[in-house]
Amino acid sequence: MKKEITISEFADELKKRLENGKTVDCCKEELITLAGIIKKKIGNEKITVNWKD
């Protein structure tokens, strides 16, 4: 089922899934879309990351 939600709602759901140990595999396409929005809208903001291979 597809539905339109705000970025804020999507972020809340992602945060909840990650905090509860769930995967975000269900949202791969949406995460790619979100990455494009982030790059376009707030691409110069800074974030501290701890990359794991």
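Residues numbered from 1 in each chain as written. Predicted model: local features only at pLDDT ≥ 70, side-chain atom pairs only at ≥ 80, totals over all residues. Heavy atoms only, no water.

Enquirer: How would you sum up the overall build of the chain? Please name residues and give values.
Expert: Across its full length, the chain holds 2 helices and 0 strands. C-alpha atoms of the chain, sized along the principal axes, occupy 35 × 25 × 20 Å. The buried share among the 53 residues of the chain stands at 8%. Here the chain displays about 5,600 Å² of accessible surface, and carbon together with sulfur accounts for 53% of that area. Once the 12 positive and 10 negative side-chain charges of the chain are each reduced to a mean point, those two points are 2 Å apart. (Helix = DSSP H or I, 4+ residues; strand = E, 2+ residues; numbered from the N terminus. Buried < 20%, exposed > 50% of the residue type's maximum accessible area, 1.4 Å probe, protein only. Areas by Shrake-Rupley, 256 points an atom, 1.4 Å probe, with all protein chains shown as cover. Lys, Arg positive; Asp, Glu negative; His and termini not counted. Charge placed at Lys NZ, Arg CZ, Asp CG, Glu CD.)

Enquirer: Go over a nonpolar patch on the surface, please, and point to the residues and values.
Expert: Where nonpolar side chains cluster on the molecular surface, the patch consists of Ile 47, Val 49 and Trp 51 and spans about 430 Å² of accessible area. Along the chain, Ile 47 falls in the segment after α2 (28–42). The class for Ile 47 is exposed, based on a relative accessible area of 72%. (Patch = residues over 30% accessible without salt bridge, like charges linked within 9 Å, V, L, I, M, F, W, Y side chains within 5 Å. Salt bridge = Lys/Arg side-chain N within 4 Å of Asp/Glu carboxyl O.)

Enquirer: Residues and numbers for the pattern of salt bridges, please.
Expert: Counting across every chain of the model gives 2 salt bridges. Residue Glu 13 pairs with Lys 16 through a salt bridge whose shortest N-O separation is 3.4 Å. One end of the pair, Glu 13, and the other, Lys 16, are both in helix α1 (residues 7–19), 3 residues apart, so they sit about a helical turn from each other. Taking the shortest distance from any N to any O, the salt bridge between Glu 13 and Arg 17 comes out at 3.4 Å. A residue pair is termed a helical-turn pair when its members lie 3 or 4 positions apart in one helix, as Glu 13 and Arg 17 do in helix α1 at 4 residues. Under the relative-accessibility criterion, Glu 13 is labelled partly exposed at 32%. Linked by salt bridges that have partners in common, Glu 13, Lys 16 and Arg 17 make up one network.

Enquirer: Can you break down the environment of Glu 4 residue by residue, with the values?
Expert: Locating Glu 4 in the fold gives a position in the segment before α1. The exposed category is assigned to Glu 4, whose relative accessible area is 81%. For the pair Glu 4 and Lys 28, spaced 24 residues apart in the sequence, the C-alpha separation amounts to 16 Å.

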